[in-house]
Amino acid sequence: MAKSRISEKISETNKKRILYYLFKNYNTFTTRTNISKDLNISFPAVSNNVAQLIEEGFILEELDTSSSLGRRSKKIYLNPNSKITIVVHIEYQNANIIFLDNHQNRLRQKKIVFERNIKFHDLWKLLENEIKTILGDLLSENQCEVLGICVAIPTPIDKKNKKIIKSRFYGWKDEPIYEYITLEDKKIPVFWENDANLLAKGFYESNSRYDNVLAIYFSMGIGMGIIINGDLYTGKEGNAGEIGQLKVEYKGEYEELEKIISERSLIEFAKNKLNLTYEDSEQILVELERNNQLSIVNKEFEYISKKIADVFAPVIMVLDPEIVIFNGTVTRSCPSLTENIVNKLEKLIEKNGIFEINREENLLIIKGSFWEVLDNVLGFNEIKTLKVL
């Protein structure tokens, strides 16, 4: 009996490893032989697991017609259309809902705008209704399964007690998080994670060269995501990386860092000092960047750069990451500000070549959210913990 359970456990682990391998190499064809060699799993075990994954809709198989010599082998690849993963990214008074296939192609996308004083429960109901409406259309067009939903949110998450810790911008505190939505009597799991953590995870999953990553998300607030030896580090209570909560001296008082340095503070500065009246927040930041040679803007950028560099340099020295990546609305819209921060950091820590400014619009957070769902629903967390990839 015990031997049978061990055998089943090994088979289950191998199945997860094969599926993980296919998701990591979703844009290429492979064969049972290649999988057996690459993962060091016996060919019969690979064949058995592949047959199960074909039945479950994860894998498609076809004859390899590229060679006319000898017996044609069968090539297999990840089926893009059998599953849907949903990403919700909550930002500065807006949220994007993105529907992805297994190849991370966007099937649908919807942006929702809301007021800053919206209650957490009301926002979730708004998002849930939009998700159900769009899913109804997608599922009527395609026979597929929804794996799950990941919500990227600008606040730390207490996963043990299943609640949001605190959002200074929206005023949410100790709000219970929703664990699933119900669609036609089926429960779709919902996973919540801090946006900076998902930025770090997205970069890590996209770059196999780095096991130690520090991701700085400079957007609605300012925060860090930390990958140590391939694992996301969130700390004892989920507050690791919440550097925006650090109090710094400002005009004779002590204020939280992201209260004086964030997308929100820059927008307020632009409206008050440059009399900008645009409704779109990103357009305001772009206009602020365009006026970066004005003395008042240059002085503000210099102050922000110095303050951020002074705060982040000790963290970088202590963590000793292989790479530090910058992303976020401010990073994209105010490149001169981000470059000035990097220049100051390089001087303070006396290291060059470890900083990367990524200006892709939330692509890495979407990738991180996609993998958050896969890790939890398909059990990839388990094989990552066992280090048997």
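Given the structure is predicted, the values throughout are model-derived calculations rather than measurements. (Residues numbered from 1 in each chain as written. Predicted model: local features only at pLDDT ≥ 70, side-chain atom pairs only at ≥ 80, totals over all residues. Heavy atoms only, no water.)

(A) How the structure looks around the overall build of the protein chain. The secondary structure content of the protein chain amounts to 13 helices and 17 strands. Its C-alpha radius of gyration of 23 Å places the protein chain within 12% of the 21 Å reference for a compact globule of 389 residues. Each of the three principal axes of the protein chain carries a C-alpha extent, and together these read 75 × 50 × 45 Å. Looking at charge distribution, the protein chain has the averaged site of its 52 positive side-chain charges lying 3 Å from that of its 56 negative ones. (Helix = DSSP H or I, 4+ residues; strand = E, 2+ residues; numbered from the N terminus. Rg over C-alpha atoms; globule rule 2.2 N^0.38 Å. Lys, Arg positive; Asp, Glu negative; His and termini not counted. Charge placed at Lys NZ, Arg CZ, Asp CG, Glu CD.)

(B) View of the side chain of Gln-104. Looking at where Gln-104 falls in the secondary structure, it is placed in the loop between strand S4 (94-100) and strand S5 (106-113). Here Gln-104 falls in the buried class, since its relative accessible area comes to 18%. A polar side-chain atom of Gln-104 sits 3.4 Å from a polar atom in the side chain of Lys-367. Not counting residues within four places of it along the chain, the set of residues in contact with Gln-104 comprises Tyr-26, Lys-367, Phe-370 and Trp-371. (Buried < 20%, exposed > 50% of the residue type's maximum accessible area, 1.4 Å probe, protein only. Polar contact = N/O pair within 3.5 Å; in protein donor to acceptor, adjacent residues only side chain to side chain. Contact = heavy atoms within 4.5 Å.)

(C) Summary view of the sheet that holds strand S17 (residues 355-357). Taking strand neighbours across the sheet as the criterion, the five strands line up as S13-S12-S11-S16-S17 in an open arrangement whose pairing is mixed. In this open sheet, the two strands that pair with only one neighbour each are strand S13 (231-233) and S17. Adjacent strand axes in the sheet meet at a mean angle of 25°, parallel and antiparallel pairs treated alike. Where strand S11 (residues 213-218) lies against strand S16 (residues 323-327), five bridges are found, and the strand directions are parallel. Residue pairing across strands places Ile-216 opposite Phe-326, the latter belonging to S16. Each of S11, strand S12 (222-228), S13, S16 and S17 touches helix H5 (residues 195-206); the most contacted strand, S12, lies at about 40° to it. (Pairing = 2+ DSSP bridges. Axes fitted to C-alpha atoms, helices over the stretch in contact; angles between N-to-C directions.)

(D) Spatial organisation of the pairing of strand S6 (residues 145-153). With eight of nine residues buried, S6 lies mostly within the body of the structure. Direction of pairing for strand S3 (residues 83-90) relative to S6: parallel, over a ladder of seven bridges. By the bridge assignment for S6, His-89 is matched with Ala-152. As paired elements, S6 and strand S10 (residues 186-194) share five bridges and run parallel to each other. Pairing of Ile-149 across the sheet is with Val-190, part of S10.

(E) A look at a nonpolar patch on the surface. Nonpolar side chains collect at one region of the surface, where Ile-228, Tyr-233, Val-318 and Leu-319 lie side by side and expose about 360 Å² of accessible area between them. Structurally, Ile-228 can be placed in strand S12. (Patch = residues over 30% accessible without salt bridge, like charges linked within 9 Å, V, L, I, M, F, W, Y side chains within 5 Å. Areas by Shrake-Rupley, 256 points an atom, 1.4 Å probe, with all protein chains shown as cover. Salt bridge = Lys/Arg side-chain N within 4 Å of Asp/Glu carboxyl O.)

(F) Looking closely at unusual backbone geometry. Here Gln-93, not a glycine, exhibits a phi torsion of approximately 60°, which is positive. Assignment of secondary structure puts Gln-93 in the loop between S3 and S4. With a relative accessible area of 23%, Gln-93 lands in the partly exposed category. If you check the backbone angles, Asp-185 has positive phi at about 70° while not being a glycine. Position of Asp-185 relative to the elements: it lies in the loop between strand S9 (180-183) and S10.

(G) Highlighting the side chain of Asn-102. The residue Asn-102 is located in the loop between S4 and S5 in this model. According to the relative accessible area criterion, Asn-102 is buried, its value standing at 0%. Polar contacts involving the side chain of Asn-102 include one to the side chain of Ser-82, which spans 3.2 Å. Look past the residues within four positions of Asn-102 in its chain and what remains in contact with it is Phe-23, Leu-78, Asn-79, Pro-80, Ser-82, Lys-83, Leu-147 and Phe-370.

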